[in-house]
Amino acid sequence: DAGVIQSPRHEVTEMGQEVTLRCKPISGHDYLFWYRQTMMRGLELLIYFNNNVPIDDSGMPEDRFSAKMPNASFSTLKIQPSEPRDSAVYFCASRYQETQYFGPGTRLLVL
Amino acid sequence: GESVGLHLPTLSVQEGDNSIINCAYSNSASDYFIWYKQESGKGPQFIIDIRSNMDKRQGQRVTVLLNKTVKHLSLQIAATQPGDSAVYFCAENRGYSTLTFGKGTMLLVSP
């Protein structure tokens, strides 16, 4: 298996623009997690899905953030409108039994 | 609140030495623990895990020790190599679907 796949790997955008991050989990994993990592706050859980259904989105910072999982092999995290303070590395992870496996991340810079 | 924390933010060792990275947790209900390694520009990578009914588990060059009495977890790396240089995170599962991550310890290995 190729592991968790994320795209794009890097994104530079201007404040106010919409940003869409994509994730393909490992086949057969029934949980998917979105995290944000910054130097100041470390690794933060934003939202997670079980069998494509959002279970807990309490970590989503604002209404500007939304996530979907239309099927078992694809998820998106959208930020609209983006702000400079959204600059971070965003990770997607999928879970087998109790272990989470992370993707390579998307490094987002909002100017 | 309850959290997973690390005592040492940076650990510097010489190549060939054994490394010990420590982690304190505060939730006695946690039943599963994982160590992750994160290299620069990459996502966290699973290293080794341990359940609360064990006190030691060994992998290839790595050993995880769990002391439930003092709520302490450690990762031992034998014969540390330059490729081991990374940030190491401990994470705990408190019986729910999510993991709680510590802030990380940076391991620097000098040749």
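Residues numbered from 1 in each chain as written. Chains lettered and ligands numbered in written order. Predicted model: local features only at pLDDT ≥ 70, side-chain atom pairs only at ≥ 80, totals over all residues. Heavy atoms only, no water.

Trainee: Please set out the interface of chain A and chain B residue by residue, giving values where relevant.
Mentor: The partner chain B presents 19 residues to the 18 residues of chain A that form the contact. Between chain A and chain B, a total of about 1400 Å² is buried, with carbon and sulfur atoms accounting for 50% of that surface. On the surface where chain A and chain B come into contact, there are one salt bridge. A salt bridge links Arg51 of chain B to Glu98 of chain A, with the shortest nitrogen-to-oxygen separation between them at 2.4 Å. Taken together, the links from chain A to chain B amount to six residue pairs in polar contact (both at pLDDT 80 or more). (Contact = heavy atoms within 4.5 Å. Buried area = accessible area lost by both parts, 1.4 Å probe. Salt bridge = Lys/Arg side-chain N within 4 Å of Asp/Glu carboxyl O. Polar contact = N/O pair within 3.5 Å; in protein donor to acceptor, adjacent residues only side chain to side chain.)

Trainee: Explain the nonpolar core residue by residue, including any values.
Mentor: With 21 residues, the main nonpolar core has Trp34, Leu77 and Tyr90 of chain A as its most contacted residues. Elements supplying a minimum of two residues to this core: β3 (19-24), β4 (31-38), β5 (42-50), β7 (65-71), β8 (74-79), β9 (88-96) and β11 (106-110) of chain A. (Core = buried A, V, L, I, M, F, W, Y, C linked by side-chain atoms within 4.5 Å. Buried < 20%, exposed > 50% of the residue type's maximum accessible area, 1.4 Å probe, protein only. Helix = DSSP H or I, 4+ residues; strand = E, 2+ residues; numbered from the N terminus.)

Trainee: Describe the sheet that holds strand β1 (residues 5-7) of chain A, with residues and values.
Mentor: Residues and elements named next belong to chain A. Here four strands make up an open sheet; going across it, the order is β1-β3-β8-β7 and the pairing antiparallel. Two strands lie at the open edges of the sheet, namely β1 and β7, each paired on one side alone. Across the sheet, the axes of successive neighbouring strands diverge by a mean angle of 15°, strand direction being ignored. Two elements, β3 and β8, share five bridges in a ladder whose sense is antiparallel. Bridged to Cys23 within β8 is Ser75. (Pairing = 2+ DSSP bridges. Axes fitted to C-alpha atoms, helices over the stretch in contact; angles between N-to-C directions.)

Trainee: I'd love a proper account of the pattern of salt bridges, names of residues and values included.
Mentor: Residue and element names in this part refer to chain A. Applying the stated rule across the entire model yields twelve salt bridges over all chains. A salt bridge links Arg36 to Glu44, with the nearest nitrogen and oxygen atoms 3.3 Å apart. You can call Arg36 buried: its relative accessible area is 10%. For Glu62, the salt bridge identified is with Arg64, shortest N-O distance 2.9 Å. In the salt-bridge network here, residues are joined through shared partners; they are Glu62, Arg64, Glu83, Arg85 and Asp86.

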